[in-house]
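Commentary on secondary and tertiary structure
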Amino acid sequence: MGKYILTKLQELRDENLVSFHVPGHKIGSIYEKLGYKQILEEIYTLDTTEIDGTDNLHNAKEVIKNSQDKTAKIFNADKTIYLVNGTTCGIEAAIMATCNPKSKIIMNRDCHQSVINACILGDLEPIYIQTQICRKTNIIQGVNVEDVIKTIDSNLDAKAIILTYPTYYGTTYDLKSICEYAHSKDMVVIIDEAHGAHLELSNRLPKSAIIQGADIIVQSTHKTLPAFTQASMLHIKGNRVDEKKILSMLRFLESSSPSYLLLNSLELAVDIYEKHGHELMENLLNTIEEFKLKFKDRENILIYNEMDKTKIFISLKDLGITGYNLDEILRRDYKIQVELSNYYGVLLICTIGNDKEDFYRLEKALEDLLLKIKEKNVLEDTKYPESIPTKVLNPREAFYSSKKTIKIEDSIGKISGEYIIPYPPGISLISPGEIITQEIIAYIQQGVKNGMIVSGLKDTNLEYIDIIDIN
Ligand SMILES: Cc1ncc(COP(=O)(O)O)c(C=O)c1O
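All values derive from a computational prediction rather than experimental measurement.

Along the protein, the regular secondary structure elements total 17 helices and 19 strands. Relative to a compact globule of 471 residues, whose C-alpha radius of gyration would be 23 Å, the protein shows 22 Å and is just as compact. Each principal axis of the C-alpha distribution contributes one length, and for the protein these read about 60 × 60 × 55 Å. When burial is assessed residue by residue, the protein has 57% of its 471 residues classed as buried. Residue pairs at least 24 apart in sequence account for 72% of intrachain contacts in the protein once pairs closer than 6 positions are excluded. Surface summary for the protein: the accessible area is close to 20,700 Å², and the carbon and sulfur share equals 51%.

Here we take up the side chain of Arg-109. With respect to the helices and strands, the residue Arg-109 is situated in the loop between strand S3 (104-108) and helix H7 (113-122). Since its relative accessible area comes to 7%, Arg-109 is described here as buried. Once residues lying within four places of it in the same chain are set aside, the contact partners of Arg-109 are Tyr-128, Ile-129, Gln-130, Thr-131, Ile-388, Pro-389, Ile-427, Ser-428, Leu-429, Ile-430, Ser-431 and Glu-434.

Splitting the protein by domain gives domain 1 (35-273) and domain 2 (395-468). Between the C-alpha centres of domain 1 and domain 2 there is a distance of 28 Å. At the interface, 16 residues of domain 1 touch 14 residues of domain 2. Where domain 1 abuts domain 2, roughly 1,300 Å² becomes buried across the two surfaces, and 56% of that area is made up of carbon and sulfur atoms. Among the residues domain 1 hides against domain 2, the three largest losses belong to Arg-109, Gln-113 and Ile-120. Together they make up 44% of the total. Of the charged contacts, one joins Arg-109 and Glu-434 as a salt bridge, the two residues approaching to 2.7 Å between their closest N and O atoms. Among the secondary structure elements, those contributing two or more residues to the side of domain 1 that touches domain 2 are H7 and strand S4 (125-129). With six residues, H7 is the single largest residue contributor to the side of domain 1 that touches domain 2.

On to the site of the ligand. Near the ligand, the surroundings consist of 14 residues, among which Thr-88, Asp-192, His-195, Ser-220 and His-222 are the closest. Take Thr-88: an N or O atom from its side chain is 2.5 Å from an oxygen atom of the ligand. At 3.0 Å, a side-chain N or O of Lys-223 approaches an oxygen atom of the ligand. With the chains in place, 85% of the 390 Å² that the ligand exposes on its own is no longer accessible. Within the residue set of the shell around the ligand, elements represented by two or more residues are helix H6 (86-98) and helix H11 (221-224). With four residues, the top contributor of residues to the shell around the ligand is H6.

This next bit is on the sheet that holds S4. With respect to topology, seven strands assemble into an open sheet ordered S2-S10-S9-S8-S7-S3-S4, the strand pairing being mixed. In the strand order of this sheet, the two ends are held by strand S2 (79-83) and S4, each with one partner. The mean angle between the axes of side-by-side strands here comes to 20°, regardless of whether they run parallel or antiparallel. Across four bridges, strand S9 (residues 216-219) lies against strand S10 (residues 232-236) in antiparallel orientation. Each residue of the ladder has a partner; that of Gln-219, found in S10, is Met-233. The strands touched by helix H5 (residues 63-74) within the sheet are S2 and S10, with S2 carrying the most contacts at an inclination of about 120°. With respect to the sheet, helix H9 (residues 175-184) is in contact with strand S7 (160-164) and strand S8 (188-192), its orientation differing from that of S8 by roughly 150°.

Moving on, we come to the packing of helix H14 (residues 323-334) against helix H15 (residues 356-372). Viewed as axis vectors pointing N to C, H14 and H15 meet at an angle of 110°, and their least axial separation amounts to 11 Å. Here H14 is positioned roughly perpendicular relative to H15, judged by the angle of their axes. Considering the relative orientation of H14 and H15, their crossing is right-handed. In this structure, H14 uses Leu-326, Ile-329, Leu-330 and Tyr-334 to contact H15, whose residues at the interface are Arg-361, Ala-365, Asp-368, Leu-369 and Lys-372. Here the residues of the contact of H14 with H15 sort into six nonpolar, no polar and three charged.

Now for empty space enclosed by the protein. Considering all chains together, one arrives at five cavities of 30 Å³ or more under this definition. In this structure, the largest cavity is lined by 16 residues; those nearest its centre are Arg-109, Gln-130, Tyr-384, Pro-385 and Leu-429. Looking at the lining of the largest cavity, its residues break down into nine nonpolar, four polar and three charged. Here the lining of the largest cavity spans two domains, and each of domain 1 (35-273) and domain 2 (395-468) adds at least three residues to it.

As for its placement among the helices and strands, Val-148 is situated in helix H8 (residues 145-154). For the pair formed by Val-148 and Ala-94, sequence separation is 54 residues and the distance between their alpha carbons is 20 Å. If we skip the residues at most four places from it in the chain, Val-148 touches Ile-129, Val-143, Ile-161 and Ile-178.

Taken together, the side chains of Tyr-4, Ile-5 and Leu-9 define a hydrophobic patch exposed on the protein surface, amounting to about 420 Å² of accessible area. Relative to the helices and strands, Leu-9 is located in helix H1 (residues 4-14).

On to H15. The end-to-end C-alpha distance of H15, which contains 17 residues, comes to 24 Å, matching closely the 24 Å that a straight helix rising 1.5 Å per residue would cover. All buried positions along H15 are accounted for by Asp-358, Phe-359, Leu-362, Glu-363, Ala-365, Leu-366, Leu-369 and Leu-370. Projected onto a plane normal to the axis of H15, the buried residues spread over an arc of 165° and lie on a single side. The exposed residues of H15 that point more than 90 degrees off its buried face are Lys-356, Leu-371 and Lys-372.

Conventions adopted
Residues numbered from 1 in each chain as written. Predicted model: local features only at pLDDT ≥ 70, side-chain atom pairs only at ≥ 80, totals over all residues. Heavy atoms only, no water. Helix = DSSP H or I, 4+ residues; strand = E, 2+ residues; numbered from the N terminus. Rg over C-alpha atoms; globule rule 2.2 N^0.38 Å. Buried < 20%, exposed > 50% of the residue type's maximum accessible area, 1.4 Å probe, protein only. Contact = heavy atoms within 4.5 Å. Areas by Shrake-Rupley, 256 points an atom, 1.4 Å probe, with all protein chains shown as cover. Domains from an automatic or database assignment. Buried area = accessible area lost by both parts, 1.4 Å probe. Salt bridge = Lys/Arg side-chain N within 4 Å of Asp/Glu carboxyl O. Near = heavy atom within 4 Å. Polar contact = N/O pair within 3.5 Å; in protein donor to acceptor, adjacent residues only side chain to side chain. Pairing = 2+ DSSP bridges. Axes fitted to C-alpha atoms, helices over the stretch in contact; angles between N-to-C directions. Parallel < 35°, antiparallel > 145°, perpendicular 65-115°, else oblique. Left-handed = near helix turned anticlockwise from the far one by under 90°. Nonpolar A, V, L, I, M, F, W, Y, C, P; charged D, E, K, R; others polar. 1 Å grid on protein atoms, 1.4 Å probe; cavity = no way out; pocket = protein on both sides within 12 Å on 5 of 7 lines; lining within 4 Å. Points joined across faces, edges and corners; volume = space filled by probe spheres on them. Patch = residues over 30% accessible without salt bridge, like charges linked within 9 Å, V, L, I, M, F, W, Y side chains within 5 Å. Expected span 1.5 Å × (residues − 1). Arc of directions from axis to C-beta.

This is how it looks when you write it as structure tokens:
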């Protein structure tokens with residue numbers, strides 16, 4: 001029997017890694033700690049399909065409906081729909097249920113790929129708002145409210161606006177004002193809250209988009225709460241959106257046999273949220289504060305932990321260590337797995353599944369590194385591309401156009417036929433249909449030299465790129 005995947009997963013589990021990455025249950029430890037182990041040990045006996053009594057996610061009337069209704073109350077939503085294909089399918093359904101083909105939709109430039117994919121599927125015209133990036137850390141800061149208002153004013157025919165809130169790095173902005181302004185112009189507000197399912201667990205955290213006036217909010221329960229990977233939720237607030245249309249779109253985008261194991265894991269996550277979440281979150285935030293204090297005013301280490309305090313960005317760039325290096329060292333030498341790295345540092349996702357011991361091991365690892373690294377190197381500066389490339393074709397036109405392959409250095413000024421997505425966090429620097437710029441090519445070439453992974457391009461060696469063949 002081929003057991004390639006199983007063997008690898010068992011090896012990983014047995015490595016005893018500290019998890020500062022998703023999923024939020026942290027290698028199952030929260031289930032063990034809180035007494036949910038037995039239910040999960042029986043899990044294979046619970047796998048089923050739509051039979052008498054199990055209800056149907058695509059037309060929920062019984063147990064799934066009851067579960068969703070209870071969750072809606074807990075999350076302050078008017079309606080909650082469970083998702084078994086991640087926030088990805090929730091975003092796509094929300095967009096396509098709100099915008100008819102050929103209409104405009106406003107979005108932050110650093111949107112998740114599912115937003116662009118929805119534009120391809122739904123034949124929509126994306127209108128981008130620039131995202132602010134911190135020069136010192138490459139941390140994505142989110143949009144400026146003034147830029148959002150300007151973009152809305154110049155695109156009053158747009159049907160909807162979709163924004164990422166909070167960003168992957170946990171940064172936030174004044175979403176309430178944005179919702180009020182968009183609503184005054186009759187636009188639906190969709191929020192990609194993939195990284196914010198936990199926000200209402202403490203008033204020391206920023207307010208969730210559900211509270212700030214958004215109409216549709218999609219959350220990756222599996223990322224920041226203890227649900228299984230792929231288990232997400234779509235919440236609806238108010239009456240600006242047609243729930244039936246969202247459900248029809250979800251029938252296109254999700255399996256007709258949704259996994260009961262994933263649905264069950266959502267219910268478990270909500271149970272933990274309700275019974276233990278607030279207390280565990282207070283403990284977590286206190287532990288993070290203590291951890292930060294240990295490194296307060298220390299030389300050569302920068303710890304960014306400003307808004308959503310469950311996200312910690314650590315940089316040793318003053319020692320000449322790139323985030324990619326730090327990521328590798330932490331995993332190899334200290335068995336600590338971070339969520340992502342950029343050139344300047346690493347991002348840790350902490351959840352109510354983490355405990356004091358995880359932070360103790362992190363502290364020891366950083367202390368050790370600060371002691372060991374004697375020589376200061378200077379990191380070459382990198383400049384995240386600021387300007388949004390010019391769009392010549394909409395994503396759908398570009399997707400279906402014929403393409404040809406050319407050398408990457410000859411592609412400047414040509415229309416891209418491919419995505420260029422530095423991973424993580426999976427934000428596209430260029431989308432099909434946009435003009436390739438010198439700035440973008442220079443950024444990815446330097447990034448790859450420094451260890452950045454770029455996805456989207458067919459040629460992983462970054463020698464060639466597909467452009468739109470206009471002849
Ligand atoms: C900002 C953002 N939105 C959406 C998604 C998609 O979420 P999911 O993995 O639940 O499909 C991700 C995944 O990493 C993300 O980072």
